[in-house]
Amino acid sequence: SSGINAEWPLRPGSAKMVFFLIVVLLSSFLLGSFADEVCPSGTYIFNGECHMCPLGSYQMRPDQYACLRCPRGSYADVRGSKECKSCPTNHLTYFDSSKSYDDCVGPKLVASVDKTTSTHFAEGDFAMFGNGTGTVQALSGTWVLTDTSGEQRQVVEGELVSDVDFSTISTVQPIINNEFCYIGDGEDYVGKANFSEYLIECLNWNDVPSLPDYNPNHNYCRSSVGSTKPFCYISGDMDPRVVPCTVPKCVWDVKCKSTENGESYRGPTSETSSGWECQNWSSDYPHPHSNHQVGDHNNCRNPDNEKDVWCYTWSLFFPIWDFCSVKQCVASDDPRYEY
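Q: Tell me about the sheet that holds strand β11 (residues 152–155), residues and numbers included.
A: Pairing is antiparallel in the open sheet, where three strands are placed in the order β11-β10-β13. Among the strands making up the open sheet, the edge pair consists of β11 and β13 (169–175). Adjacent strand axes in the sheet meet at a mean angle of 20 degrees when their direction is disregarded. Here four bridges tie strand β10 (residues 142–147) to β11, and the two strands are oriented antiparallel to one another. In the sheet register, L145 faces β11, and the bridge partner there is R153.

Spelled out as structure tokens, the structure:
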């Protein structure tokens, strides 16, 4: 064995042997890295090759065999996206895998004075205009302008209001519920969604022969007695058939209240802060009252601008009515829509 070691130039433990092993290991690592091609983020592997993720999809991790669809409320408008872009505040998409900013739907208002313009997607003010006078136009949705005296004015979609004194406007706020989402069974939904869950465009209501008494000249999703959400008709094999729409449920003023006094709250809470079950608003038992217009339910409401939502109680004596506990909506915690 001593003869073999004498002839072998790289004796174990020698500096040459250590250097040789390092070179071999580095060569193997580098050759292996080049031999096995790595597909970067924004791509997927197919047939041993890298392909860019298509529009409407993304991939954050390298070396993946599929791309992910952009969730609703986002979009990817370039191929090879590593992440999806979010729609503006209060905006949604009716489907996942959206490919363009134009797929984002929501309230949009533009205010301008001379050459200064501001675009609003959510509640705000016109402080930037100071005492200027200009125009306000609702490009999408209905907006409520509240002046310093508390008086409100609605600006409907497409309407242009001139000679607005911005110094007198305290807040501007979009109407979200029942325009971009629905509450309850959707009976009060008046939005413009016109696609079914099958990605098929809705028929014009005039083209549905089975509904001779309901014929508005549009194809927007609507709801009726007995349905649980907005729907529409699409072309069927024989006759038009009814299918649900992709309108999301509202979260604000349903699972939480959007204002401190809850004047627009329409949620299901039906118990007071002290634990009393609420009396039905349409009933005068056990307490006669004059707020029957609130509806045939016993959910907490604020029909008279009290400091919080309230209801009449089932207590035969006292309290006749009491406030309810409903949490305030927080933008960072409570999404506007539930898909």
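Q: Quick one: what's the story with the packing of aromatic side chains, residue by residue and with numbers?
A: For any pair of aromatic rings, the description consists of the separation of the ring centres together with the inter-plane angle of the planes. For the structure shown, the criterion picks out 15 aromatic pairs. Geometrically, the ring pair formed by Y285 and W314 is edge-to-face, given 5.6 Å between the ring centres and 70 degrees between the ring planes. Residue Y285 is found in the loop between β16 (249–250) and β17 (310–312), and its partner W314 is found in the loop between β17 and β18 (321–323); the two are separated by 29 residues along the sequence. Taking the relative accessible area as the measure of exposure, W314 reaches 39% and is therefore partly exposed. On the numbers, 5.4 Å between centres and 65 degrees between planes, the contact of W310 with W321 is edge-to-face. Of this pair, W310 sits in strand β17 while W321 is found in strand β18, placing the two residues 11 residues apart along the sequence. Put simply, the rings of W281, W310, Y312, W321 and F323 pair up and form one aromatic cluster.

Parameters and conventions
- Residues numbered from 1 in each chain as written.
- Predicted model: local features only at pLDDT ≥ 70, side-chain atom pairs only at ≥ 80, totals over all residues.
- Heavy atoms only, no water.
- Pairing = 2+ DSSP bridges.
- Helix = DSSP H or I, 4+ residues; strand = E, 2+ residues; numbered from the N terminus.
- Axes fitted to C-alpha atoms, helices over the stretch in contact; angles between N-to-C directions.
- Phe/Tyr/Trp six-rings, centres within 6.5 Å; stacked < 30°, edge-to-face > 60°.
- Buried < 20%, exposed > 50% of the residue type's maximum accessible area, 1.4 Å probe, protein only.

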